[in-house]
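A closer look at the structure
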Amino acid sequence: MHATTQQRAADHRPYFFLSYAHTPGYGGGTDPDMWVERLFQDLCGHVMAMTDLPAGAPAGFMDREIRSGEGWSERLGEVLATCRVFVPLFSPRYFASEMCGKEWYAFAQRAIHYRARHNQPAEAIVPALWVPVPPSQLPGPAERLQFNHRDFGDRYVSDGLYGLIKLRLFAEEYERAVYELAKRIVNVADTMRIGTGRPVDYRLAPSAFGSPSNGVTGPRPMQVTIAAATRHDLPEGRSVDYYGDNPQDWNPYHPASARPLAYVAEDLVRSLNYQATIASFDEESGPPEGKQPPSRPEILLVDRWALQDEDRRRRLAAFDAENRPWVTMVVPWNREDPQSRAAEAELTAKLEQTMPTKMRQGRAYCRAAARGVPSMEAFGQVLPQVVEAAAQQYLRHAAVYPPATGGGHTERTRLTGPMAQTHFIPETHHPATDAEDTDDGQS
């Protein structure tokens, strides 16, 4: 829906956040990012001309605007939670930057939560080419953007804004590209209107590009398995409002969320540069893997009400007995659901009896996720942590093979398979909780 003139005038949030990779200084004493600042000023001029923003209202934001002495992390988190459009400047250096990945991740969460609440897409990322990047080098979140850069001109596609701004020969192409980019920013800002979010702690936020040092841009595999009832097999008296024809239709945070949780989880997993596969526990649970190494890390979303089915409860107990530490359990539990509140003691006790290993496995945040996640907001906060915990446990338990070598030199053992050569950012250690973990898949 387009914003009215009155709405635009009253909404003084920045139209765009310019996300860019800082270029290291080199000889000569010139500021290597002066051209990015010129682009920013040109975009702001166009946005002011195309809108009715009053004097003093911010057209855009770039990190150079943070004043000396101002809380850097807090200020970035605040602007990323309120700006209308996110404009990443694509370049090889951009996708190698952990800081840029954190900015992308923080903004992307707003679109994911908007889609969860309304079950409608809201894409408010408008990329710009600073330096052309081959498609094969784009991480998953960037590769999935539906954006036609050729709308801004062929020379823009071949040389990027940096090439156009540096060479006077291309001054006309530069002006056209910046003008078209500003038009796109204003159009997206006035049509998407995804609303503000809660600021993400920038220091603790993960990168949307994965680890900056692994050299792997393609998304890593992650399975999301749903162990939930359907509207056809609910226990007596349980409301059908939270269920559909398949376990994947389970929506425990209804009515605050209109989107089934499996697909919200898929969006969250993809925002961390993983390729998510959604499966039903009823279809996936089969013969135990035994001592076979895992094929991928996994998040298991469990509906406590599903344990009222005795056959499913028995299969979950068998799954728990296999002790697969690369599978992290999350138990969504809507605190606003009166039926769940009334049955909480009974169903919690049944889950503890059925899956004692998963209830006690992992770090404090994994155990908290298994005890119950009370809201969609809390689910979005805890999922990145349990995703990385599952990925780390996968790397610990996946098959390793010594490489073929000639002569006496032996290389370090390496992983093979779908996550080969993948390195994950280590977890932050918390001495108060680490003492509770053990080496048996608990760390």
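What counts and what doesn't
Residues numbered from 1 in each chain as written. Predicted model: local features only at pLDDT ≥ 70, side-chain atom pairs only at ≥ 80, totals over all residues. Heavy atoms only, no water. Helix = DSSP H or I, 4+ residues; strand = E, 2+ residues; numbered from the N terminus. Buried < 20%, exposed > 50% of the residue type's maximum accessible area, 1.4 Å probe, protein only. Contact = heavy atoms within 4.5 Å. Expected span 1.5 Å × (residues − 1). Arc of directions from axis to C-beta. Polar contact = N/O pair within 3.5 Å; in protein donor to acceptor, adjacent residues only side chain to side chain. pLDDT = per-residue confidence, 0-100. 1 Å grid on protein atoms, 1.4 Å probe; cavity = no way out; pocket = protein on both sides within 12 Å on 5 of 7 lines; lining within 4 Å. Points joined across faces, edges and corners; volume = space filled by probe spheres on them. Nonpolar A, V, L, I, M, F, W, Y, C, P; charged D, E, K, R; others polar. Pairing = 2+ DSSP bridges. Axes fitted to C-alpha atoms, helices over the stretch in contact; angles between N-to-C directions.

Turning next to the overall build of the protein. Secondary structure assignment for the protein yields 17 helices and 10 strands. Put simply, the protein has 443 residues, and 51% of those count as buried. Here the analysis covers contacts within the protein between residues at least 6 apart in sequence; of these, 79% occur between residues at least 24 apart.

Our next topic: helix 11 (residues 310-321). Between its first and last C-alpha, helix 11 extends 17 Å over 12 residues, near the 16 Å set by a 1.5 Å rise per residue. Regarding helix 11, the residues found buried are Arg312, Arg315, Leu316, Phe319 and Asp320. Taken end-on, helix 11 shows its buried residues confined to a sector of 140°, consistent with a single buried face. Measuring from the backbone nitrogen of aspartate 311 back to the side-chain oxygen at the start of helix 11 gives 3.2 Å, which picks out aspartate 309 as the cap. Two residues or fewer past helix 11, asparagine 323 is found with a positive phi of approximately 55°.

The next subject is the confidence of the model for the protein. Chain-level statistics for the protein give a pLDDT mean of 84 and a share of 82% at 70 or above. Element-level pLDDT for the protein is lowest in strand 10 (residues 414-415), with a mean of 36, against a maximum mean of 98 in strand 7 (residues 298-302). For the stretch residues 1-10, pLDDT sits under 50, and the model shows 19 contacts to residues farther than four places along the chain or on other chains. Confidence drops under pLDDT 50 across residues 403-443; counting only partners more than four residues distant or on other chains, this segment forms 72 contacts.

For the rest of this paragraph, the subject is empty space enclosed by the protein. Enumeration according to the criterion identifies 3 cavities of 30 Å³ or more in this entry. The computed volume of the second largest cavity comes to approximately 60 Å³. For the second largest cavity, the full set of lining residues is Arg238, Tyr243, Trp250, Pro252, Asp303, Trp305, Pro332, Trp333, Asn334, Asp337 and Ser340. Partitioning the lining of the second largest cavity into residue classes produces 6 nonpolar, 2 polar and 3 charged.

Attention shifts here to the sheet that holds strand 3 (residues 85-90). Read across the open sheet, the 4 strands follow the order 2-1-3-4; overall the sheet is parallel. A strand with exactly one partner marks an edge of an open sheet, and here the two such strands are strand 2 (60-61) and strand 4 (128-129). Sheet analysis places strand 3 next to strand 4, joined by 2 bridges and oriented parallel. Residue pairing across strands places leucine 89 opposite alanine 128, the latter belonging to strand 4. Running at roughly 150° to strand 3, helix 8 (residues 171-192) makes contact with strand 1 (16-19), strand 3 and strand 4 of the sheet.

Tracing the chain through its elements places alanine 59 in the loop between helix 2 (34-50) and strand 2. On a C-alpha basis, the gap between alanine 59 and tyrosine 15 in space is 5.3 Å, while along the polypeptide they are 44 residues apart. In this structure, alanine 59 is in contact with Pro14, Tyr15, Phe16, Cys44, Val47, Met48 and Leu53, ignoring residues within four places of it in sequence.

Ordered in space as 6-5-7-8, the 4 strands form an open sheet in which the pairing is parallel. Pairing within the sheet leaves two strands with one partner each, and these edge strands are strand 6 (274-280) and strand 8 (327-330). Neighbour-to-neighbour, the strand axes of this sheet turn through a mean angle of 25°, independent of strand direction. Bridge count for strand 5 (residues 220-227) against strand 7 is 5 bridges, and the pairing is parallel. What sits directly across from alanine 227, in strand 7, is valine 302. The strands that helix 9 (residues 261-270) touches are strand 5, strand 6 and strand 7; relative to strand 6, the one it contacts most, it runs at about 160°.

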